[in-house]
Amino acid sequence: MSPRLDLGPTPRLGYTQSLIDRAAEKRPDTTWLAARLADPRTLAYVIGGELIVLKKGDDVHNPTFAPEEARALGPTVEAVFLGLIDGAARFGIGLTQASAEALKARDDLVVIDLRSIAIQGLVEPGHLPPLAEAKAMLHWHARHRFCSNCGAKTDMVEGGWKRACPACKGDHFPRTDPVVIMLAVRGDRGLLGRSGRFAATMWSCLAGFVEPGEAIEDAVRRETLEEAGIRCGRVNYLFSQPWPFPMSLMIGCRAEALNDDIVMDQNELVGARWFSKDECAAMLMRKHPEGLTCPPPVAIAHHIIRAWVESDGALF
Ligand SMILES: [Zn+2]
């Protein structure tokens, strides 16, 4: 049994621990929703494509606007009902990406992408879950204005939680795409990979979309075999994370690797190798002698690797 490493207090996983009461029973009540958009307690997040609009602050910026403040920023598209916090409504209000871009010229605003907000801690962490909810929802609406069954223009209903087709009467619901992200473990070593999109020093968990008709465990085994030539036996679910880029759910797992010899898929990865717990601990804490790193605490990969580094052996 390897000695247990302790990396200190576990940081918060980004976009999780939402304080929102989604209040789904209120979504069909158009009168109630309209009244909330006129309620002075209501706050909205303002999003234009990939860009989030923030009110400039000192330590952190403020991502919330009164609905009329949001409308004054430019032509709006959808307003989606996110839920309630302390009984007050929260909405996500969409601008076009072009009108959000134009707001970059204003001195009193910061207009920036959500990844940068999360990694740099530009807003209070409690705002990240509703920002993720709003961004994923508004992205879905922007790409589902027409019926996938008959091609007619659809209408947003139920506070944004459905689009209805007036022609074929079909209903369309916002979706989230499941992605497995996993650490394959063999003895006292874990398998990490590098995508060509990563910073040059960054190593992370392997990941891939769950396919139709596939169980989470089978997706973990397939992706690990496809990307690294490693067969896996037992698979444990650990925890999950909404990942609004554009609208995924990351399903964190650990897998028992059955062979050592890596055969890397060069179309998917530019590196794949085994790492010891000590080396991963140094990478997580940004103390690796060669400057290698793992993803920051905002990302689920950090927590999957950390949970293994801090485990004492009995993994499965
Ligand atoms: Zn239709």
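Residues numbered from 1 in each chain as written. Predicted model: local features only at pLDDT ≥ 70, side-chain atom pairs only at ≥ 80, totals over all residues. Heavy atoms only, no water.

## Topic: the overall build of the chain
Along the backbone of the chain there are 8 helices and 15 strands. C-alpha extents for the chain along the principal axes are approximately 60 × 50 × 35 Å. Within the chain, the proportion of its 316 residues that are buried is 52%. Residue pairs at least 24 apart in sequence account for 65% of intrachain contacts in the chain once pairs closer than 6 positions are excluded. Taken as a whole, the chain presents about 14,900 Å² of accessible surface, with 52% of it coming from carbon and sulfur. If you average the places of the 36 positive and of the 40 negative side-chain charges in the chain, the two averages end up 2 Å apart. (Helix = DSSP H or I, 4+ residues; strand = E, 2+ residues; numbered from the N terminus. Buried < 20%, exposed > 50% of the residue type's maximum accessible area, 1.4 Å probe, protein only. Contact = heavy atoms within 4.5 Å. Areas by Shrake-Rupley, 256 points an atom, 1.4 Å probe, with all protein chains shown as cover. Lys, Arg positive; Asp, Glu negative; His and termini not counted. Charge placed at Lys NZ, Arg CZ, Asp CG, Glu CD.)

## Some remarks on the packing of aromatic side chains
On inspection of all chains with the given rule, the structure shows 6 aromatic pairs. Relative to F275, the ring of W203 lies with its centre 5.2 Å away and its plane at 65°, an arrangement referred to as edge-to-face. Residue W203 is found in the loop between β11 (189–194) and β12 (206–209), and its partner F275 is found in strand β15 (residues 271–276); the two are separated by 72 residues along the sequence. The same class applies to W203 and to F275, which are both buried. One aromatic cluster is present, formed by Y15, W243 and F245 through successive ring pairs. Geometry around F65 places K55 over its ring, the cationic atom sitting 4.9 Å from the centre. (Phe/Tyr/Trp six-rings, centres within 6.5 Å; stacked < 30°, edge-to-face > 60°. Lys NZ or Arg CZ within 6 Å of the ring centre and 35° of its normal.)

## A closer look at the nonpolar core
Ranked by size, the top nonpolar core spans 50 residues in total, and within it Y15, L114, I117, L192, I305 and V309 carry the most contacts. Among the nonpolar cores identified, the runner-up in size contains 20 residues, and L51, L84, L95 and V111 belong to it. (Core = buried A, V, L, I, M, F, W, Y, C linked by side-chain atoms within 4.5 Å.)

## Some remarks on the coordination of the zinc ion
Coordination of the zinc ion by the protein comes from C147 (SG), C150 (SG), C165 (SG) and C168 (SG), over a distance range of 2.2 to 2.4 Å. For the zinc ion, the 4 donor atoms are set out with angles of 100 to 117° between them, so the coordination reads as tetrahedral. Positions of the donor residues of the zinc ion along the chain correspond to the pattern C-x2-C-x14-C-x2-C. With a relative accessible area of 3%, C165 lands in the buried category. (Donors = N, O, S within 2.8 Å, 3.2 Å for Na, K, Ca; no water. Tetrahedral: all angles 85-135°; square planar, octahedral: opposite > 155°, others 65-115°.)

## With respect to the sheet that holds strand β8 (residues 162–164)
Within the open sheet, the 3 strands sit side by side as β7-β8-β9. Their pairing is antiparallel. Across the chains shown, the open sheet's two edge strands, defined by having one partner strand only, are β7 (155–157) and β9 (171–172). Both β7 and β8 contribute to a ladder of 3 bridges, which runs antiparallel. Its bridge partner lying in β8, V157 is registered against K162. (Pairing = 2+ DSSP bridges.)

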